[in-house]
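What follows is the residue order along each chain.
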There are 2 protein chains.
Amino acid sequence: MKLRQLHFVHEIVKHDLSITAAAEALFTSQPGISKQLRLLEDELGVPLFERSGKHLTRLTPAGEQIVQIVDRVLLDVDNISRVAKDFSDGNRGVLSLATTHTQARYALPPAVTAFKKQYPDVTLNLHQGSPPQIARMAAEGEADFAIATEALHHFDELVMLPCYHWNRALLLRPGHPLASVSNPGLKDLARYPLITYTFGFTGRSQLDQAFKAQGLQPNVVLTAVDADVIKTYVRLGLGVGIIANMAYSAEEDDDLVAIDAGHLFSRSTTHIGFRRNQFLRDFMVRFIETFAPHLKRDLIEQVIEIREPAERRAFVAEHVGEVPAL
Amino acid sequence: MKLRQLHFVHEIVKHDLSITAAAEALFTSQPGISKQLRLLEDELGVPLFERSGKHLTRLTPAGEQIVQIVDRVLLDVDNISRVAKDFSDGNRGVLSLATTHTQARYALPPAVTAFKKQYPDVTLNLHQGSPPQIARMAAEGEADFAIATEALHHFDELVMLPCYHWNRALLLRPGHPLASVSNPGLKDLARYPLITYTFGFTGRSQLDQAFKAQGLQPNVVLTAVDADVIKTYVRLGLGVGIIANMAYSAEEDDDLVAIDAGHLFSRSTTHIGFRRNQFLRDFMVRFIETFAPHLKRDLIEQVIEIREPAERRAFVAEHVGEVPAL
DNA sequence: CGAATTTACGGGGTCCGTAAGTATG
DNA sequence: CATACTTACGGACCCCGTAAATTCG
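Keep in mind the model is a prediction, meaning the values are calculated, not measured. (Residues numbered from 1 in each chain as written. Chains lettered and ligands numbered in written order. Predicted model: local features only at pLDDT ≥ 70, side-chain atom pairs only at ≥ 80, totals over all residues. Heavy atoms only, no water.)

### Quick notes on the interface of chain A and chain B
- On the side of chain B, 29 residues touch chain A, which itself brings 29 residues to the contact.
- Buried surface at the junction of chain A and chain B, summed over both partners, amounts to about 2,500 Å²; 70% is from carbon and sulfur atoms.
- When the buried surface of chain A facing chain B is broken down by residue, Ile80(A), Phe87(A) and Arg307(A) rank first, second and third, together holding 24% of it.
- Inspection of the chain A/chain B interface yields four salt bridges.
- Among the ionic pairs, Asp76(A) bridges to Arg72(B), the shortest N-O distance being 2.6 Å.
- Connecting chain A to chain B are four residue pairs in polar contact (both at pLDDT 80 or more).
- Looking at the side of chain A that touches chain B, the elements with two or more residues in it are helix 1 (3-14) and helix 4 (61-88) of chain A.
- If one sorts the elements of the side of chain A that touches chain B by residue count, helix 4 of chain A sits on top with 17 residues.
- Across the side of chain A that touches chain B, the residue classes tally to 17 nonpolar, six polar and six charged. (Contact = heavy atoms within 4.5 Å. Buried area = accessible area lost by both parts, 1.4 Å probe. Salt bridge = Lys/Arg side-chain N within 4 Å of Asp/Glu carboxyl O. Polar contact = N/O pair within 3.5 Å; in protein donor to acceptor, adjacent residues only side chain to side chain. Helix = DSSP H or I, 4+ residues; strand = E, 2+ residues; numbered from the N terminus. Nonpolar A, V, L, I, M, F, W, Y, C, P; charged D, E, K, R; others polar.)

Put into structure tokens, the structure is as follows:
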């Protein structure tokens with residue numbers, strides 16, 4: 001059994017049982033993988049894949065179990081390298097963040113600036129994507145951290161920690177009727193065309209729930225992934241914008257009126273997620289501490305030990321103190 | 001990084017940092033290991049061992065951490081083979097038991113017989129040793145199971161499950177003064193020379209505690225590892241024997257008088273221990289069920305998941321029902 | 001018939017073991 | 001000075017990549 005063979009198995013599974021795709025991903029030849037797979041199966045004495053003719057159709061029961069262990073092994077092998085790098089070159093490395101537009105544009109810049117100052121030799125890699133993409137990237141180790149407000153709980157492998165709370169703001173053109181209403185309610189809001197985030201982004205689901213809870217049908221005429229696009233169309237007069245309040249800047253957006261909407265919608269919480277069992281290099285822990293100072297190293301190391309997602313959530317609920325607002 | 005290199009590191013550590021000893025254990029040449037170790041250290045960018053001249057003196061801090069992960073990797077690699085064998089040849093394999101004389105001689109034979117009948121193609125390996133030796137063997141994977149009454153709790157890596165309770169019996173020559181005392185107490189016992197187990201064997205510690213609790217100083221004139229030796233000297237008239245009651249046979253020992261001593265000493269519990277994180281082949285789980293029918297597969301698989309020894313004990317205390325007497 | 005895997009084969013690299021060298025206790 | 005690790009070197013084996021054959025959808 002060789003580590004190389006285990007990598008092959010992992011990659012074949014990852015690419016829907018295509019040996020060719022695995023070969024491309026690993027920059028090697030397809031016959032090489034085919035042969036090594038056979039050799040491994042011969043050594044183990046069981047086929048890992050069911051075949052129909054020359055195609056791999058699915059994992060055998062043995063394969064199912066073995067692939068799980070293989071993944072663990074490969075993760076640990078990677079962890080060995082990470083630990084080594086932390087000792088040999090602790091201030092140098094790569095930090096990969098997978099996040100959404102909202103975080104990248106409004107929440108992360110201060111933390112990134114501070115982090116970069118502390119670790120000038122850490123290359124920062126920022127991948128933008130939808131929450132499900134982000135979660136997948138973290139779960140598969142393509143990114144070290146996923147940072148988003150939505151949909152990160154779908155991978156048991158991900159440890160999720162709350163970073164900060166935030167509320168929403170309404171964005172209006174000056175002179176809009178709502179601007180003269182003091183403390184507008186959801187019912188007022190439902191009368192006007194609305195512009196907000198696409199479903200699945202930046203707490204959109206909590207927004208919908210608020211309306212639904214009052215039996216209201218909001219008239220969302222335009223959705224976008226980011227607040228910049230939303231602002232653009234608010235400026236064009238297409239409707240009332242509802243954005244994360246961090247996305248409003250008194251200076252840059254002084255041509256628009258912002259009204260805090262904290263009383264209308266329940267606050268949202270942005271989380272940071274990372275793969276359980278993945279060794280966090282020193283600067284990675286420091287990044288978390290920089291971005292969310294209430295998350296201490298001890299807590300992170302403890303929560304990583306907990307196998308059950310439910311227990312993890314309970315532990316977090318109990319031990320993470322007050323989560324700050326942004 | 002190659003699996004072979006990780007094996008080398010593991011074995012060097014296991015053999016007190018002697019490369020020569022590791023080479024012998026792995027049936028390979030010493031320069032080969034030396035070179036591969038250097039290559040690995042170069043690849044990782046950190047030395048794993050501190051050296052004084054040409055001698056390895058100890059692990060570096062990086063080495064400490066990395067060796068832990070290496071051990072996990074090697075265990076998982078072994079688990080891959082085990083899972084594979086379970087599928088390719090589920091009824092064939094090797095079951096290694098490490099146990100004491102008392103268990104091997106009196107407790108195990110029925111279970112072994114039944115197991116052998118069910119799995120005739122499983123080679124049974126029985127290693128006899130002292131409780132600490134037994135525990136070490138299981139903890140290092142030299143044996144699949146450790147079965148003993150004493151001193152198995154010293155390895156965090158070992159999962160311990162209670163198999164059965166047992167009590168003690170007094171052994172006397174006919175005509176001994178104690179034979180005519182009805183319900184003798186510890187105080188009576190303390191008056192006569194005693195013959196029992198060596199310290200660290202077969203619940204000896206509980207025996208000592210019972211005397212100590214009453215402020216008595218037992219006069220132990222002879223200790224042995226096994227009941228057969230104890231019986232021999234009881235027959236020679238050297239003293240009163242105190243043995244596990246399972247070691248008394250009404251037929252074979254009809255020249256001696258046995259008195260149940262369940263009221264004198266607190267009962268002892270024999271445990272079975274196995275390495276956490278080690279995949280248990282199907283027939284191994286079946287062996288546990290054969291030896292201790294109250295330990296079900298589900299329970300075994302659950303308890304294996306628990307990382308903390310303390311939590312494990314709590315779980316066992318709660319979920320293992322009544323432990324039978326032998 | 002096309003796409004994908006398996007088989008075949010030659011070249012290069014790696015790893016091993018023996019033998020000699022060197023530093024330590 | 002003995003012991004243990006390191007360096008040196010030649011040979012064997014393994015693994016890879018290219019090219020051809022095969023099989024399924």
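### Some points on the relation of the copies chain A and chain B
- Mapping chain A onto chain B leaves a residual RMSD of 0.1 Å; the transformation is a rotation of 180° accompanied by 0.1 Å of translation along its axis. As the rotation angle and translation indicate, the two copies are arranged about a two-fold axis. Closest approach to the rotation axis within chain A is made by the C-alpha atom of Val73(A), at a distance of 2.7 Å. (Least-squares fit on C-alpha atoms with pLDDT ≥ 70 in both.)

### Structural notes on the sheet that holds strand 6 (residues 158-166) of chain A
Residues and elements named next belong to chain A.
- As summarised here, the arrangement of the five strands in space is 4-3-5-12-6, forming an open sheet in which the pairing is mixed. The open sheet terminates on both sides in strands that have one partner only, identified here as strand 4 (122-128) and strand 6. Taking each pair of neighbouring strands and ignoring which way they run, the sheet shows an average axis angle of 20°.
- Most of the contacts of helix 10 (residues 282-291) go to strand 3 (residues 93-99), to which it runs at about 45°, and overall it touches strand 3, strand 4, strand 5 (145-148), strand 6 and strand 12 (268-275). (Pairing = 2+ DSSP bridges. Axes fitted to C-alpha atoms, helices over the stretch in contact; angles between N-to-C directions.)

### Points about the protein's contact with DNA strand D
- Taken together, 20 residues lie around DNA strand D, and Lys2(A), Arg4(A), Thr20(B), Ser34(B) and Lys54(B) are the ones closest in.
- Sugar plus phosphate, as a fraction of atoms of DNA strand D within 4 Å of the protein: 73%.
- At 2.3 Å, a side-chain N or O of Thr20(B) approaches a phosphate oxygen of DNA strand D.
- Residue Arg38(B) places a side-chain N or O atom 2.8 Å away from a phosphate oxygen belonging to DNA strand D.
- Taken together, the elements giving at least two residues each to the surface near DNA strand D come down to helix 3 (30-44) of chain A together with helix 2 (19-25) and helix 3 (30-44) of chain B.
- Take the surface near DNA strand D: its biggest share by element is four residues, from helix 3 of chain B.
- Split by residue class, the surface near DNA strand D holds four nonpolar, 10 polar and six charged. (Near = heavy atom within 4 Å.)

### Regarding the protein's contact with DNA strand C
- By nearness alone, 19 residues border DNA strand C, and Thr20(A), Ser34(A), Lys54(A), Lys2(B) and Arg4(B) come closest of all.
- Among atoms of DNA strand C positioned within 4 Å of the protein, sugar and phosphate together represent 72%.
- One of the side-chain nitrogen or oxygen atoms of Lys54(A) is found 3.1 Å away from a sugar or linking oxygen of DNA strand C.
- For DNA strand C, a phosphate oxygen lies 2.8 Å from a polar atom in the side chain of Thr28(B).
- With four residues, helix 3 of chain A is the largest single contributor of residues to the surface near DNA strand C.

### Considering the confidence of the model for chain A
- Averaged over every residue, the pLDDT of chain A is 93; the share at 70 or more is 100%.
- Per-residue pLDDT, averaged within each element of chain A, yields its smallest value for helix 12 (residues 309-319) of chain A (90) and its largest for helix 10 of chain A (97). (pLDDT = per-residue confidence, 0-100.)

### A short note on the pairing of strand 3 of chain A
Residues and elements named next belong to chain A.
- The buried fraction of strand 3 is high, at six of seven residues.
- One ladder, built from seven bridges, connects strand 3 with strand 4; its direction is parallel. Among the inter-strand pairings, Thr99 is bridged to a residue of strand 4, identified as Gln128.
- Taking the sense of rotation as the criterion, the β-α-β connection linking strand 3, helix 5 (residues 101-118) and strand 4 turns out right-handed.
- Pairing of strand 3 with strand 5, which is carried by three bridges, proceeds in the parallel orientation. Bridge pairing in strand 5 places Thr99 opposite Ile147. (Buried < 20%, exposed > 50% of the residue type's maximum accessible area, 1.4 Å probe, protein only. Right-handed = clockwise from strand over helix to strand, strands pointing away.)

### Points about the sheet that holds strand 8 (residues 194-197) of chain B
Residues and elements named next belong to chain B.
- Judged by pairing direction, the sheet is mixed, and its five strands sit side by side in the order 9-8-10-7-11 without closing on themselves. Edge positions in the sheet fall to strand 9 (220-224) and strand 11 (257-260), since each of these pairs with one other strand and no more. The average angle at which neighbouring strand axes cross in this sheet is 25°, direction not considered.
- Helix 9 (residues 227-235) contacts strand 7 (168-172), strand 8, strand 9 and strand 10 (240-244) of the sheet and is inclined by roughly 160° relative to strand 10.

### Observations regarding the environment of Lys85(A)
All names here are of chain A.
- Mapping Lys85 onto the fold places it in helix 4.
- In this structure Lys85 comes out as partly exposed when scored by relative accessible area, which is 43%.
- For the pair Lys85 and Arg281, spaced 196 residues apart in sequence, the C-alpha separation works out to 8.3 Å.
- Setting aside chain neighbours within four positions, we find Lys85 in contact with Gly90 and Arg281.

### Digging into the pattern of salt bridges
- Applying the stated criterion across every chain, the model contains 44 salt bridges over all chains.
- Put simply, Arg136(A) and Glu142(A) hold a salt bridge, and the shortest N to O gap is 3.1 Å.
- A relative accessible area of 33% means that Glu142(A) is categorised as partly exposed.
- The partner of Glu142(B) in a salt bridge is Lys14(B), and the shortest N-O contact between them spans 3.9 Å. On the criterion of sequence distance, the pair formed by Glu142(B) in the loop between helix 6 (131-139) and strand 5 (145-148) and Lys14(B) in helix 1 (residues 3-14) is long-range, its members being 128 residues apart.

### Thoughts on the UniProt feature "domain: HTH lysR-type" (unreviewed entry) in chain A
- As recorded in UniProt, the feature "domain: HTH lysR-type" (unreviewed entry) lies at residues 1-60 of chain A.
- Secondary structure content for residues 1-60 of chain A is 57% helix and 15% strand, while the C-alpha to C-alpha distance between its ends is 19 Å. (UniProt positions renumbered as here; feature names shortened; annotations may be inferred.)

### What about the domain arrangement of chain A?
Residue and element names in this part refer to chain A.
- Along its sequence, chain A is organised into domain 1 (3-82), domain 2 (91-165 + 268-319) and domain 3 (168-260).
- Put simply, the middle of domain 1 and the middle of domain 2, counted by C-alpha atoms, are 29 Å apart.
- Each partner contributes to the interface: domain 1 provides four residues, whereas domain 2 provides 10 residues.
- For the domain 1 and domain 2 pair, buried surface summed over both sides reaches about 630 Å², with 49% attributable to carbon and sulfur atoms.
- Taken as a group, Lys14, Leu75 and Arg82 account for 82% of the area that domain 1 buries against domain 2, more than any other trio of residues on that side.
- Applying the counting criterion to the domain 1 and domain 2 interface returns two salt bridges.
- Joining domain 1 to domain 2, the criterion identifies four residue pairs in polar contact (both at pLDDT 80 or more).
- Broken down by element, the side of domain 1 that touches domain 2 gets its largest block of residues, three residues, from helix 4.
- Here the side of domain 1 that touches domain 2 is composed, by residue class, of one nonpolar, one polar and two charged. (Domains from an automatic or database assignment.)

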